[in-house]
Amino acid sequence: ILKGYIDRAPLESDMELKLGNKIKLKVSKGSSSILVKNLYLSCDPYMRARMRDFHGSYIPPFVPGKPIEGFGVSKVIDSDDPDFEPGDIVSGLTGWEEYSLIEDTKKLRKIQHDDIPLSYHIGLLGMPGFTAYAGFYEVCAPKEGDRVFVSAASGAVGQIVGQLAKLYDCYVVGSAGTQEKVDLLKTKLGFDDAFNYKEEQDLDSTLKRYFPEGIDIYFENVGGPMLDAVLLNMRTHGRIAVCGMVSQHSYHDKDGIHNLFALIRNRIRMQGFLQSDYLHLFPEFVEKVGDYYKQGKIVYVEDMNEGLESAPAALAGLFTGKNVGKQVVCVSRD
Ligand code: NDP
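Small disclaimer: the values here were computed from a predicted structure and weren't measured. (Residues numbered from 1 in each chain as written. Predicted model: local features only at pLDDT ≥ 70, side-chain atom pairs only at ≥ 80, totals over all residues.)

Caption draft 1: Spotlight on the site of the ligand. Looking at the ligand, there are 31 residues lining it, with G155, G177, G244, S247 and G321 nearest. Within the residue set of the shell around the ligand, elements represented by two or more residues are helix 3 (127-139), helix 4 (156-167) and strand 15 (326-330). Of the residues contributing to the shell around the ligand, the split by class is 15 nonpolar, twelve polar and four charged. Counting only domains with at least three residues in the shell around the ligand, you end up with domain 1 (2-123 + 301-330) and domain 2 (127-276). (Near = placed C-beta within 6 Å. Helix = DSSP H or I, 4+ residues; strand = E, 2+ residues; numbered from the N terminus. Nonpolar A, V, L, I, M, F, W, Y, C, P; charged D, E, K, R; others polar. Domains from an automatic or database assignment.)

Shown next, in the form of structure tokens:
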């Protein structure tokens, strides 16, 4: 474990390592690095895009030879930054390793210990939950009674979008890839209806069955044939919030979209967005969604894999639909 720090620590002369029960690390003078023990790691679809260097990406690729970077919840072991003390729990970008030396502490968020499980800070109250919040309220421009369709609906983002839409008095239908997920949507997550898109022969007629009067809001998570079918079912002045296109992350699976003319015919607003454009809303999001959770108005489904060694398979599972709910990896519970 320590070899990683030694390789990356900036100035050997200022470095002090103590082994034993307690790991201690001092890095160069003037540095504000912190040493953290990683507790929970988040598996997110965008990480797949960081595994290749391609033009259209909005995030730089991973650096070969360095640990995979991703969101996590971690415990501070040692700190040269006066804002953090040993024992603090933080959430933010960390490495897929047991311990990480974090040099840029500005984007870390201290987590208050309360009755919300720590791992929820990379899901419900972290980046995916915030994506749902910003996407639904800011991009979808919802109105009471709107007919809302969510794809990948049982996943990290989708399950929150659907529940926020229900709290807004919308009619909400979700699609997912197994019967287990469909049942989850209709029972625990409170969607009005749900269907298994893998069992439908013709998605256009499926959507007509669930939305005989058309769709006002489509929260797009998957792209491909689902988007094409949705375009044929949008109501006039409908909104499509393009959050992600998980079916397009691999090299080969790129289905063309044929029905874009519907955007003109039905004056549909189709808008891509990145949650990072709305970070000014993060504090209100944490407060509002945290309260919803504490009041039992929102539930949250998490899929927890045990052990750092399970992380690669957990990440790959996002692209075959293996995860049921938000995929996280537990590296250590304390
Ligand atoms: P999920 O927890 O929903 O996991 C991904 C799910 O996608 C899988 O469980 C699977 O569910 C579904 N899926 C996988 N491959 C396909 C495919 N080929 N066709 C259709 N569905 C597929 O992931 P997240 O909730 O974390 O992310 C959802 C989307 O949101 C992603 O596209 C992601 O990139 C995007 N995103 C965008 C952000 C932004 O700022 N714009 C920020 C965060 C996420 P099933 O069994 O239902 O098929």
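Still more to cover.
Caption draft 2: Focus on unusual backbone geometry. The phi dihedral of A141 falls on the positive side, at around 45°, and the residue is not glycine. By the secondary structure assignment, A141 is in the loop between helix 3 and strand 8 (147-150). Phi is positive for A152, which is not a glycine, with a value near 45°. Tracing the backbone shows A152 in the loop between strand 8 and helix 4.

Caption draft 3: Focus on the pairing of strand 5 (residues 89-95). A large share of strand 5 lies buried, amounting to five of its seven residues. Alignment of strand 4 (residues 69-79) against strand 5, held across seven bridges, turns out to be antiparallel. If you follow E69 over to strand 5, its bridge partner there is G95. Strand direction decides the pairing type here: strand 5 and strand 7 (residues 109-110), joined by two bridges, are antiparallel. What sits directly across from V90, in strand 7, is K110. (Buried ≥ 20, exposed ≤ 12 C-beta atoms within 10 Å, placed from the backbone. Pairing = 2+ DSSP bridges.)

Caption draft 4: Up close: the domain arrangement of the protein chain. Domain boundaries in the protein chain define domain 1 (2-123 + 301-330) and domain 2 (127-276). Opposite the 13 residues of domain 1 that make contact, domain 2 presents 18 residues. Considering only residue class, the side of domain 1 that touches domain 2 consists of seven nonpolar, four polar and two charged. (Contact = placed C-beta atoms within 7 Å.)

Caption draft 5: View of the sheet that holds strand 9 (residues 171-176). Read across the open sheet, the six strands follow the order 10-9-8-11-12-13; overall the sheet is parallel. At either end of the open sheet lies a strand with only one pairing partner, and these are strand 10 (193-196) and strand 13 (269-272). Between one strand axis and the next, the sheet turns by 15° as a mean value, whatever way the strands run. Examined bridge by bridge, strand 9 and strand 10 share four bridges and lie parallel to one another. Across the sheet, residue V173 finds its bridge partner in strand 10, namely D193. Where helix 4 meets the sheet, its contacts fall on strand 8, strand 9 and strand 11 (215-220), and the angle it forms with strand 9 comes to roughly 165°. Taken strand by strand, helix 7 (residues 224-231) contacts strand 8, strand 9, strand 11 and strand 12 (234-242), and its axis lies near 165° from that of strand 11. (Axes fitted to C-alpha atoms, helices over the stretch in contact; angles between N-to-C directions.)

Caption draft 6: Inspection of helix 9 (residues 282-294) at higher detail. The first and last C-alpha atoms of helix 9 sit 18 Å apart over 13 residues, in line with the 18 Å expected at 1.5 Å per residue. Burial in helix 9 covers these residues: F285, V286 and V289. Looking straight down helix 9, one finds that the buried residues subtend no more than 95° of arc, so they occupy a single side. Exposed residues pointing more than 90 degrees away from the buried face of helix 9 are listed as P283, E284, E287, D291 and K294. For helix 9, the elements touching its buried residues are helix 3. Just downstream of helix 9, G296 is the residue with a positive phi angle, here 75°. (Expected span 1.5 Å × (residues − 1). Arc of directions from axis to C-beta.)

Caption draft 7: Region of interest: the confidence of the model for the protein chain. Residues with a pLDDT of 70 or more make up 89% of the protein chain, whose mean pLDDT is 91. Among the prediction metrics, the complex's ipTM stands at 0.99, with pTM recorded as 0.92. (pLDDT = per-residue confidence, 0-100.)

Caption draft 8: Main features of the environment of D88. Positionally, D88 belongs in the loop between strand 4 and strand 5. Residue D88 is classed as partly exposed on the basis of its 18 C-beta neighbours within 10 Å. Here D88 is in contact with V76 and K110, once residues within four sequence places are set aside.

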